[in-house]
Amino acid sequence: MDKSDIADVLNEIATLLEIKGENPFKIRAYQNGARKLETLEEDLGDLVSDGKLKEVAGFGDALVQKITELYETGSLTFFEKLKDSVEPGLVSMLEIPGLGAKKIKNMHKELGVASIEELKIACESGAVAELKGFGKKTAEKILLGIENREAYGRRHLWWDAFEVAKPILDGLQSLPEVDSASHAGSLRRKRETVGDLDFIVGSKTPKPIMDWFVAQEGVKEVTARGETKSSVRFESGLQADLRVVPPEQFYFALHHFTGSKDHNVAMRQRALSRGMSLSEWGLKPVDEDDFSNSKVISSEEDLFKYLDLEYVLPELREGAGEIEAAESGKLPQLLDGKSIRGVFHNHTTASDGRCSLEEMTKAAQERGWEYWGTADHSKASFQANGLDDERVLEQISLIDSLNKSRKFSTYVFSGVECDILTDGSLDLDESTLMSLDYVVSSVHISMTQTEEDMTKRLIRAIEHPATTMLGHLTGRILLRREGYKVDVSKVVDAAIANGVIIEINANPRRLDMDWRFWRRAADKGLMTSINPDAHRIEHFDFVEAGVNVARKGWLNESHVFNTLSVDEVRKAFAKRRPALGRLKAV
DNA sequence: GCCGTTTTCGGCCCGACTGTTTTCAGTCG
């Protein structure tokens, strides 16, 4: 089992304990342990074999034992027994808003309700409304929750969520009563998916702001409406929360609700070590009762300054060592999206793209890029009209003449997204591949191999002399399918050893390789290229999502291949393809 | 279940909101 599998088990344990009515702090310890595991930089195998698991803050004797057992045997006796002791239907009931462990237990005990289906019947029959502590409204709310659960998935792509958030933010900022307004939460931290939208507003007069917020266009349901906090659900299923705080609290609240939880814990601890108490209300001496004498700040930067820290950008607030880096002045100079000078890995009508070579070139030029590169599918991707050797060679000469025509100022690099076959060999002849400027090697078929086989397969493709970049490392589709299992560390090492780039596939549904791996990989010397995988001109915009990944992965400009100028790219490609004359001619 | 320079027990964030109550419990973030 790998880190994320084990983290899943820890989270499931937490859920089961919750249903059983265990001590909430014990539950939190498991959830905390799961998060720690997911953000762990070190190799889990190393930590287990070196006996260093115990040194991770948050892992005590019990968690070390359980994680070790899961890692070594792939199962956990404690977990199996726990599962047997809880009706599985109860767990899924937790997904309904407004239902927690206590209400679920109560309904199970009094009415025998043990699944969402039974719960629905119990609500409709009026049995739930008659329970002590329940009522008509509760039953209605549960029914609505069941309906919503069927209608919408629970999380949303950052890309989609941000589209919804932008006009809300603009709307808030244009209200005369609003002093300052911002989005917060995972949306602001630019996580790949977000659960809901959080907004923080500083104002002395919350009422008209709340009125506007709940009356927005597209609001399907107002799920909470108070003086300082309101929640709405949009027709798309997205939920948005608004908090209005007095102007002097705005930056404290913004920082608090931007999170992450781990980051906040670390910040509070740091405040405490300085005799201060930090919360969404302010920063005050520990021994004072309220925040009336809080420090005054006029930006988040001020808050970090009070704690003797460099400013930590929201993207980095994941509790992954950013405080330590901010303390010692070792925060990275993060990649700026403006330094992207061109993009690779894009499709045209030659395979499954929607736009022609010229349309794509024009669009790239309009974006001010110095170059862009085609990478249509190879023939094994039959469903995508993949190119065989002959069609690849035809496309190369087409691109050659387009470049020579000087019709566009943007230069076109010829590439291909070559399928990595089941055994790790590539789908096209080596001579064809070496005639291209670059090759993105990707897996699209036989994705159910074991981790060991898949790792070997990827490494073999990386070792192929024609491979320039490795495409979407795990093949994951966010919110839809897990990626295939692969030993990331071994693949990264192989890429470094062979001078191969691993792409950040910037398609908002992929964002693969994941940001969690980048800091460590880049430290070891891995380069990336932020590739939009565009299938139409609008998809060039995906670069922004890829830049988010790079920034969350602590990458700076020097780690990103497509910040190079067109001449630098030609030189880099020419190194691997010394026989290609056109790469030398500038 | 974790943690500890007031350390092996007792605290772990706590306030807003809702719906049920008539002073509070449960949920949420």
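Residues numbered from 1 in each chain as written. Chains lettered and ligands numbered in written order. Predicted model: local features only at pLDDT ≥ 70, side-chain atom pairs only at ≥ 80, totals over all residues. Heavy atoms only, no water.

Student: I tried to follow the protein's contact with DNA strand B on my own but got confused; where do I start?
Tutor: Surveying the vicinity of DNA strand B reveals 36 residues, the closest of which are Arg28, Gly58, Gly60, Gly135 and Arg225. The sugar-phosphate share of atoms of DNA strand B within 4 Å of the protein amounts to 81%. The contact in question runs from a phosphate oxygen of DNA strand B to an N or O atom on the backbone of Leu63, over 3.1 Å. When contributions to the surface near DNA strand B are tallied by element, the ones reaching two or more residues are helix H2 (24–38), helix H4 (61–73), helix H7 (101–111), helix H10 (136–151) and strand S5 (219–225). Sort the elements by how many residues they give to the surface near DNA strand B and H2 lands first, with 5 residues. A class-by-class count of the residues in the surface near DNA strand B yields 13 nonpolar, 10 polar and 13 charged. (Near = heavy atom within 4 Å. Polar contact = N/O pair within 3.5 Å; in protein donor to acceptor, adjacent residues only side chain to side chain. Helix = DSSP H or I, 4+ residues; strand = E, 2+ residues; numbered from the N terminus. Nonpolar A, V, L, I, M, F, W, Y, C, P; charged D, E, K, R; others polar.)

Student: Teacher, can you tell me more about the packing of aromatic side chains here?
Tutor: Where two aromatic rings form a pair, the distance of their centres and the angle of their planes describe that pair. In this structure the tally under the stated criterion is 18 aromatic pairs. With a centroid separation of 5.4 Å and 85 degrees between ring planes, the pair formed by Trp159 and Phe542 is classed as edge-to-face. With Trp159 in helix H11 (residues 158–174) and Phe542 in the loop between strand S18 (528–531) and helix H24 (543–552), the pair connects residues that are 383 residues apart, well separated along the chain. Relative accessible area serves as the criterion here: at 10%, Phe542 is assigned to the buried category. Centre to centre, the rings of Tyr438 and Phe573 are 5.6 Å apart; their planes meet at 10 degrees, and the pair counts as stacked. Here Tyr438 is found in strand S15 (residues 438–442), whereas its partner Phe573 is found in helix H25 (residues 566–576), with 135 residues between them in sequence. Phe573 matches Tyr438 in its accessibility class, with the two residues each being buried. Through successive ring pairs, a cluster of aromatic residues spans Phe344, Tyr371, Tyr411, Phe413, Tyr438, Phe561 and Phe573. Here the basic side chain of Arg519 rests over the ring of Trp554, its NZ or CZ set 3.6 Å away from the ring centre. Here Lys552 stacks its cationic end above the ring of Trp515, 4.8 Å away from the centre of that ring. (Phe/Tyr/Trp six-rings, centres within 6.5 Å; stacked < 30°, edge-to-face > 60°. Buried < 20%, exposed > 50% of the residue type's maximum accessible area, 1.4 Å probe, protein only. Lys NZ or Arg CZ within 6 Å of the ring centre and 35° of its normal.)

Student: In this structure, what is going on with the sheet that holds strand S11 (residues 371–374)? I would like to understand it.
Tutor: Either a parallel or an antiparallel arrangement is found when strands of a sheet pair, and the pairing is made through backbone hydrogen bonds. A sheet is described by the order of its strands in space; here 3 strands give the open sequence S10-S11-S13, paired in parallel fashion. The open sheet is flanked by strand S10 (342–346) and strand S13 (411–413), the only strands paired with a single partner. The average undirected angle you get between the axes of adjacent strands in this sheet is 20 degrees. In the sheet, S11 pairs with S13 via 3 bridges, with the strands oriented parallel. Bridge assignment links Tyr371 to a residue of S13, and that residue is Tyr411. (Pairing = 2+ DSSP bridges. Axes fitted to C-alpha atoms, helices over the stretch in contact; angles between N-to-C directions.)

Student: Which parts of the structure should I look at to understand the nonpolar core?
Tutor: Generally speaking, a soluble globular protein has its nonpolar side chains buried in company with each other. One finds Phe199 and Ile530 to be the most contacted residues of the largest nonpolar core, which totals 92 residues. The element that contributes the greatest number of residues to this core is H11, accounting for 8 residues. Residues within four places of Ile530 in sequence aside, it is in contact with Leu335, Ile340, Val343, Ile504, Ala506, Val543, Gly546, Val547, Ala550, Val560 and Asn562. (Core = buried A, V, L, I, M, F, W, Y, C linked by side-chain atoms within 4.5 Å. Contact = heavy atoms within 4.5 Å.)

Student: Teacher, can you tell me more about the sheet that holds strand S2 (residues 180–184) here?
Tutor: Across the sheet, 5 strands lie side by side as S2-S4-S7-S6-S5; this open sheet has mixed pairing. Since the sheet does not close on itself, it has two edges, and those belong to S2 and S5, each with one partner. Sheet twist, expressed as the average angle between the axes of neighbouring strands with direction ignored, equals 20 degrees. Alignment of strand S6 (residues 229–234) against strand S7 (residues 239–245), held across 5 bridges, turns out to be antiparallel. Note that in S7 the partner of Val232 across the bridge is Ala240. Contacting S2, strand S4 (197–202) and S7, helix H14 (residues 250–258) crosses the sheet at an angle of about 10 degrees to S2.

Student: Got a minute to help me understand helix H18 (residues 357–366) in this structure?
Tutor: Since there are 3.6 residues in each turn of an α-helix, residues three or four apart along the chain are aligned in direction. Taken residue by residue, H18 has Leu357, Met360, Thr361, Ala363 and Ala364 as its buried positions. One face of H18 carries all of its buried residues, which in axial projection span an arc of 165 degrees. Looking one or two residues past H18, Gly368 carries a phi angle of roughly 80 degrees, positive in sign. (Arc of directions from axis to C-beta.)

Student: Any chance you could explain unusual backbone geometry here in plain terms?
Tutor: In most cases, non-glycine residues show a negative phi, while peptide bonds are predominantly trans. At the junction of Gly259 and Ser260, the peptide bond is cis and its omega measures out at 0 degrees in the coordinates. In this structure, Ser260 sits in the loop between H14 and helix H15 (261–273). Here the bond from Asp512 into Met513 is cis, since omega is 20 degrees, no more than 30 degrees from zero. With respect to the helices and strands, the residue Met513 is situated in the loop between strand S17 (501–505) and helix H23 (515–524). Positive phi, normally seen in glycine, also occurs at Asn385, with a value near 60 degrees. Along the chain, the position of Asn385 falls in the loop between strand S12 (376–377) and helix H19 (389–405).

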